[in-house]
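# Coordinates in review
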Amino acid sequence: MTRVLLSLAVLLFFALCVYGMWHGWKRRQAKQAGLPAFPARPETLGAPRLSTTGVYIGTTNAGNWQDRIQVGDIGHRAEAMLSLVPEGIAIDRTGASPIFIPAEAVRDARTDRGLAGKVMFSEEGLLVVRWENQGHLFDTGFRGDDKDVYEEWVAALVGGKA
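Just so you know, these numbers come straight off a predicted model, no measurement behind them. (Residues numbered from 1 in each chain as written. Predicted model: local features only at pLDDT ≥ 70, side-chain atom pairs only at ≥ 80, totals over all residues. Heavy atoms only, no water.)

### Overview of helix H2 (residues 150-158)
Burial in H2 covers these residues: Tyr150, Trp153, Val154, Ala156 and Leu157. Buried residues of H2, viewed axially, fall in a sector of 165°; they line one side. (Buried < 20%, exposed > 50% of the residue type's maximum accessible area, 1.4 Å probe, protein only. Helix = DSSP H or I, 4+ residues; strand = E, 2+ residues; numbered from the N terminus. Arc of directions from axis to C-beta.)

Printed below as a string of structure tokens:
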């Protein structure tokens, strides 16, 4: 009888933890409902000047590396192709909607150690792009399969060539 009660207590604790996570996700979505809509991807894009594969980590409010944007499916991590095109930055995510950052919206680019709850061992584990949308600043993170291309990306984005 003691084992049954202990098992039920553990199951109840687990269910409460899952409910708490779900409730927190929904509350954050409601809080962020007033954010400006992300830019739509243009119908046609020019030839990519740079592209790399990896994982889209997430988008946060700029300056707060743990405040993940969770409106729609923006908060979902996914395998992705990151492309620098003349119009801006295209992030084609597997199993999620694409994300587009217009070239004129890019404010900065850097390598960083963490974003949206993802922390890397090295200081240059993530490529982070800071961009502005209707007066609101965002940081979007990407973990590339080949981290040697980060320097080229930062130079292209910060140098005003985006």
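### Section: the pairing of strand S3 (residues 88-93)
Among the six residues that make up S3, five are buried, leaving the element largely enclosed by the rest of the structure. Alignment of strand S2 (residues 78-85) against S3, held across six bridges, turns out to be antiparallel. Considered in S3, the bridge of Leu82 is made with Ile91. Hairpin connection between S2 and S3: a loop of two residues separates the two successive antiparallel strands. The sheet contact formed by S3 and strand S4 (residues 99-102) spans four bridges and is antiparallel. Counterpart to Gly88 in the pairing with S4 is Pro102. (Pairing = 2+ DSSP bridges.)

### Description of the sheet that holds strand S8 (residues 126-133)
The strands making up a sheet associate through hydrogen bonds between their backbones, and the pairing can be parallel or antiparallel. With respect to topology, seven strands assemble into an open sheet ordered S4-S3-S2-S1-S9-S8-S5, the strand pairing being antiparallel. In this open sheet, the two edge strands, each paired with only one partner strand, are S4 and strand S5 (106-112). This sheet shows a mean twist of 30° between the axes of neighbouring strands, independent of strand direction. Alignment of S8 against strand S9 (residues 136-144), held across seven bridges, turns out to be antiparallel. Within S9, the position partnered with Arg130 by the bridge is Asp139. Contacts between H2 and the sheet are confined to strand S1 (50-61), S2, S3, S5, S8 and S9, with S5 contributing the most and set at about 160° to the helix. (Axes fitted to C-alpha atoms, helices over the stretch in contact; angles between N-to-C directions. Contact = heavy atoms within 4.5 Å.)

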